[in-house]
Amino acid sequence: LDIQQSNGEAGAGISMTLRGNRSISAANSPLILVDGIEYGSTLDISASDIESMEILKDASSTAIYGSRASNGVIIITTKKGKSGDLKVNYNGNVSLSEISTKVDVLSANQLRDYVTTFGNANQQALLGTANTDWQNEIYRKALGTDHNVSLSGGTDMLTYRASVGLTDMNGILKRDNMNRATTGVALVGNFFDNHLKIELNNKTSIMRNNYSNRGAIGSAVSFDPTQNVTNPDGTYFEWNQQLAGRNPVALIEQFNNFGTNFRSLGNIQTEYKLHFLPELKLVANLGYDYTSGRSYGDSSTDYAYDVTDTYENKNYSRNRLMDLFFNYKRDINTIKGSVELTAGYNYQNLEYYGSGFSVNNAIIANNNPYYNELNLQSFFGRAIINLYEKYILTATDRRDGSSRFTEDYR
């Protein structure tokens, strides 16, 4: 399992591949399940709330999750409370990040020597007197903190766990910042001599981002090091030519890019073992995953190129699911093994909506709002036979239906 952060900005998303890439054009990320709820590739829950991770990689294990699990499955189980007195736990860390290697470019003196030797009079007249390292001007040492407090306890019949997490992460590019607050609640009840188990989970996160203008990175490599960051009047130095490079510091300080995101997911799951046949377990899982986000920003009115940019985009998604299945497992002495049968029904409905607008030089452009809905329904079954504690035979059958296709081919 390879896990990589997509880029160096604070709170950047991660990409995961299991046993390498499977496709050139399609997604290669594995299916992620958190307490039975399908999750995206961005894990915006607190790591302190994770109890365990299980990786399913082969066809036999992933077949029961359908074609969406062709890239593998990651099953994440979050922490639950344990019976006993109230326990308070704190977990925190502090991190410091900095750029390890800068791009090797000409210094101001080296550039002046080169232009003086090979340039003409007009080119030499453009040289400044400063010694500016533009990469030093846009990068910084970035401090990050993460704190998590949890309360847990309960009785033999009912256990509970509640947690609160706060993360504040600065990026190595100036102004770059991610601030996140998370909450988690887990209740587990066992009734009727542990024949009935009811589990309730909820996780909520609120994230705020300040995205620095990443165009400053390339500009810092190519911009003239003989010029000062600002002019004597306090404005940022810029070349008059429209096609010339931009001042890297101005790109960071005079452009605002913000984002907010709210996410809440939860489920209630019941497991019932029949009193007259305890080997048979009936399971029902109802869950939801709701996300809403907003990205917005503008440019400073005193930006040298007199471009007034304003934009805003909004989006939300809603995922509702239901799993109903039974599991039967029985040890058989005559074969020194066991037989396990599982069969059930899965329902999932996903909705996506988005809208936005942008303003450039007083020209307003409204993005076409969109709404997409996807419905998936599946029936599945699996049989596992363990023979003589040495051989395992597995058979899986699954039938998926998707609203992406016409009614005759769903």
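See the structure printed just above.
Residues numbered from 1 in each chain as written. Predicted model: local features only at pLDDT ≥ 70, side-chain atom pairs only at ≥ 80, totals over all residues. Heavy atoms only, no water.

**Observations regarding the pattern of salt bridges**
Two side chains carrying opposite charge are able to pair once their charged atoms lie near each other. Definition in use: Only one rule defines a salt bridge in this text: a Lys or Arg side-chain nitrogen within 4 Å of an Asp or Glu carboxyl oxygen. By the criteria applied, helices consist of DSSP H or I runs no shorter than four residues and strands consist of E runs no shorter than two, each listed in order from the N terminus. Think of it in three bands: residues with accessible area under 20% of the maximum for their type are buried, residues over 50% are exposed, and the middle band is partly exposed, with areas taken using a 1.4 Å probe on protein chains only.
Throughout the structure, instances matching the rule amount to 11 salt bridges. Residues Lys80 and Glu199 are paired through a salt bridge, measuring 3.8 Å at the closest nitrogen-oxygen approach. In this pair, Lys80 sits in the loop between β6 (73–78) and β7 (84–97) while Glu199 sits in strand β11 (residues 196–210), placing the two residues 119 residues apart along the sequence. Residue Lys80 is classed as partly exposed on the basis of its relative accessible area, which comes to 21%. The exposure class assigned to Glu199 is buried, which follows from its relative accessible area of 15%. Three or more residues are tied together by salt bridges with common partners; here these are Asp35, Lys80, Glu199 and Lys203.

**Quick notes on the side chain of Asn257**
Keep this limit in mind: Pairs of N or O atoms are called polar contacts if they sit within 3.5 Å, as long as, within protein, a hydrogen donor faces a hydrogen acceptor (for residues adjacent in sequence, only side-chain-to-side-chain pairs). Pairs of residues are marked as contacts when any of their non-hydrogen atoms sit within 4.5 Å.
Along the polypeptide, Asn257 turns up in strand β12 (residues 255–273). A polar atom in the side chain of Asn257 sits 2.8 Å from the side chain of Tyr311. Filtering out sequence-adjacent residues up to four positions away, Asn257 remains in contact with Asn209, Asn210, Tyr211, Tyr296, Gly297 and Tyr311.

**Let's talk about helix α2 (residues 108–118)**
As a reminder of what qualifies: What the arc describes is the spread of directions from the helix axis to the C-beta atoms.
Along α2, the residues classified as buried are Ala108, Leu111, Arg112 and Val115. For α2, the arc enclosing every buried residue in end-on projection is 100°, short of the 170-degree limit, so these residues lie on one face. More than 90 degrees from the buried face of α2, the exposed residues found are Asp113, Tyr114, Thr117 and Phe118. Looking at the buried residues of α2, the elements they touch are α3 (121–125).

**Re the sheet that holds β6**
Our working rule: At least two DSSP bridges between two strands are needed for those strands to be called paired. The convention used is that axes are lines fitted to C-alpha atoms, helices contributing only their stretch in contact, and that angles between N-to-C directions extend from 0 to 180 degrees.
Read from one edge to the other, the open sheet built from 4 strands follows the order β4-β3-β6-β5, with strand pairing classed as mixed. The two strands at the open ends of the sheet, each matched to only one other strand, are β4 (37–39) and β5 (50–56). Between one strand and the next, the sheet's axes are offset by a mean angle of 25°, whatever the strand orientation. As judged from the 6 bridges shared by β5 and β6, these two strands associate in the antiparallel manner. The residue of β6 that forms the bridge with Glu54 is Ile75.

**Comments concerning the nonpolar core**
Defined as follows: Grouping buried Ala, Val, Leu, Ile, Met, Phe, Trp, Tyr and Cys residues that are joined through side-chain atoms within 4.5 Å yields what is termed a nonpolar core.
Formed by 16 residues in total, the largest nonpolar core has its most connected members in Trp134, Ile138, Leu173, Phe223, Leu251, Ile252 and Tyr303. If you list the elements that add at least two residues to this core, you get α4 (134–138), α5 (215–222) and α6 (248–253). Broken down by element, this core gets its largest block of residues, 3 residues, from α6. Discounting chain neighbours no more than four positions away, the residues touching Ile252 are Ile138, Leu173, Lys174, Arg175, Ser212, Asn213 and Ala216. Membership of the second largest hydrophobic core comes to 10 residues, among which are Val34, Ile37, Ile45 and Leu321.

**Some words on the pairing of strand β16 (residues 363–387)**
Bridge count for strand β15 (residues 337–360) against β16 is 22 bridges, and the pairing is antiparallel. The residue bridging Gly356 from the neighbouring strand is Asn367, located in β16. Counted between consecutive antiparallel strands, the loop separating β15 from β16 contains 2 residues, among which Asn361 sits at a positive phi close to 55°. Bridge analysis of β16 against strand β17 (residues 391–402) gives 12 bridges, and the strand direction is antiparallel. Bridge pairing in β17 links Ala383 to Ala395. Adjacent in sequence and paired antiparallel, β16 and β17 are bridged by 3 residues, among which Tyr388 carries a positive phi angle near 55°.

Geometric values such as these leave the question of function open.
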